[in-house]
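Structural features, examined
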Amino acid sequence: MGIVVNLDVMLAKRKMKSKELAEAIGITEANLSILKSGKAKAIRFSTLEAICKELECQPGDLLEYLK
Amino acid sequence: MKIFGPKSVSSYLFYVFRFGAIGSLVLALFILLSFIIGNYELKGGRFTIPFPLLSYFDIKGDNKTSIITSITLILIYCGGFLYSLSMILKSFKSAVLFNAAAIRHLKVLAIINLLVFPIVYLSLRLIILNISIMNGIHNLILSLIFGVFLLFVAAIFKRGLKVQSENDLTI
């Protein structure tokens, strides 16, 4: 499995829509969708920081390692 | 002036090479058709093919099968070479430089230089014209060097495509 992105879980917990988060952190919905679907090859610290700030969570809440 | 992308040097060179490719193939077809339908004059063992619209321009040569075959073969090869070159430039016209089409066309041109040209060159010299291969061997060497160089460029583009796709998927 490897690294799993739990962004959709955090969005559901915060009752926030993808569009709202994308606008708040300044990335496109398409890129956010790539991140949510796990197709992304890498994530910038600046993006991770912005998401954590907006969702009031830790990086560990968003990223998880599964064997 | 831009080298790659729309309205760039690549874009303009694409039209130049595509025009050259079509011109070479049309000329080869015209010569073959002229001999088939008898649109030529014979004088002193030499043929003359007049051009339909350009009266001051005609094609002359020894009336030998080997000469006619070699002219046609060279024109067809030039047409194929220029067409392949134009396809590479067409792929450079796109907004994304590193793309699968560019790699494919670079490999095709490399194969043309490494395999097709030596076959055409050797068959022309040894079979059709029956002359030494040493006179003009530099063309063969240059073609082989160009072919190897193109393989390296294709490999660089392959690496570039990988880096680009990874960069595109970095959020």
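Note that the coordinates shown come from a computational prediction; the quantities given were computed from them, not determined experimentally.

As for the packing of aromatic side chains
- Within the structure shown, the criterion is met by 12 aromatic pairs over all chains.
- Within the aromatic cluster, the residues linked to one another by ring pairs are Tyr 77, Phe 81, Phe 117, Tyr 121 and Phe 146 of chain B.

Section: the domain arrangement of chain B
Residues and elements named next belong to chain B.
- With domains assigned, chain B is organised as domain 1 (1-95) and domain 2 (96-171).
- Here the C-alpha centroids of domain 1 and domain 2 sit 21 Å apart.
- Across the boundary between the two partners, domain 1 contributes 18 residues, which contact 20 residues of domain 2.
- Summed over both sides, the interface of domain 1 with domain 2 buries roughly 1500 Å², with 79% coming from carbon and sulfur.
- Put simply, domain 1 and domain 2 have three residue pairs in polar contact (both at pLDDT 80 or more) between them.
- Of the residues assigned to the side of domain 1 that touches domain 2, the class counts are 11 nonpolar, seven polar and no charged.

Notes on the packing of helix H3 (residues 100-128) of chain B against helix H4 (residues 137-168) of chain B
All names here are of chain B.
- Contact geometry for H3 and H4: axes closest at 8 Å, N-to-C directions at 165°. Looking at the two axes, H3 sits roughly antiparallel to H4. Crossing of H3 against H4: the hand is left-handed.
- Tallied by class, the residues present in the contact of H3 with H4 amount to 21 nonpolar, four polar and two charged.

A few points about the pattern of salt bridges
Residue and element names in this part refer to chain B.
- The final tally for this structure, using the stated rule, is one salt bridge over all chains.
- Asp 62 serves as the salt-bridge partner of Arg 46, at 3.0 Å between the closest nitrogen and oxygen. On the criterion of sequence distance, the pair formed by Arg 46 in strand S2 (residues 46-50) and Asp 62 in strand S3 (residues 58-62) is long-range, its members being 16 residues apart.

Some details on helix H4 (residues 45-55) of chain A
Residues and elements named next belong to chain A.
- Considered for burial, the residues of H4 that qualify are Thr 47, Leu 48, Ile 51, Cys 52 and Leu 55. An end-on view of H4 places all buried positions within 130° of arc, on one side of the element. Among the exposed residues of H4, those pointing more than 90 degrees away from its buried face are Phe 45, Glu 49 and Lys 53.
- Contacts made by the buried residues of H4 are with helix H1 (7-13), helix H2 (18-25), helix H3 (29-37), helix H5 (59-62) and strand S2 (63-66).
- Glu 56 sits one or two residues past H4 and shows a positive phi near 50°.

Concerning unusual backbone geometry
- Here the phi dihedral of Glu 56 of chain A falls at roughly 50°; this positive angle occurs in a residue that is not glycine.
- The phi dihedral of Asn 130 of chain B falls on the positive side, at around 55°, and the residue is not glycine.
- Inspection of the secondary structure puts Asn 130 of chain B in the loop between H3 and H4.

Some points on the sheet that holds strand S1 (residues 41-43) of chain B
Residues and elements named next belong to chain B.
- Sheet architecture is open: three strands sit in the order S1-S2-S3, paired in antiparallel fashion. In this open sheet, the two edge strands, each paired with only one partner strand, are S1 and S3. The mean angle between the axes of side-by-side strands here comes to 25°, regardless of whether they run parallel or antiparallel.
- Sheet analysis places S2 next to S3, joined by five bridges and oriented antiparallel. What sits directly across from Thr 48, in S3, is Lys 60.

Calculation criteria
Residues numbered from 1 in each chain as written. Chains lettered and ligands numbered in written order. Predicted model: local features only at pLDDT ≥ 70, side-chain atom pairs only at ≥ 80, totals over all residues. Heavy atoms only, no water. Phe/Tyr/Trp six-rings, centres within 6.5 Å; stacked < 30°, edge-to-face > 60°. Domains from an automatic or database assignment. Contact = heavy atoms within 4.5 Å. Buried area = accessible area lost by both parts, 1.4 Å probe. Polar contact = N/O pair within 3.5 Å; in protein donor to acceptor, adjacent residues only side chain to side chain. Nonpolar A, V, L, I, M, F, W, Y, C, P; charged D, E, K, R; others polar. Axes fitted to C-alpha atoms, helices over the stretch in contact; angles between N-to-C directions. Helix = DSSP H or I, 4+ residues; strand = E, 2+ residues; numbered from the N terminus. Parallel < 35°, antiparallel > 145°, perpendicular 65-115°, else oblique. Left-handed = near helix turned anticlockwise from the far one by under 90°. Salt bridge = Lys/Arg side-chain N within 4 Å of Asp/Glu carboxyl O. Buried < 20%, exposed > 50% of the residue type's maximum accessible area, 1.4 Å probe, protein only. Arc of directions from axis to C-beta. Pairing = 2+ DSSP bridges.

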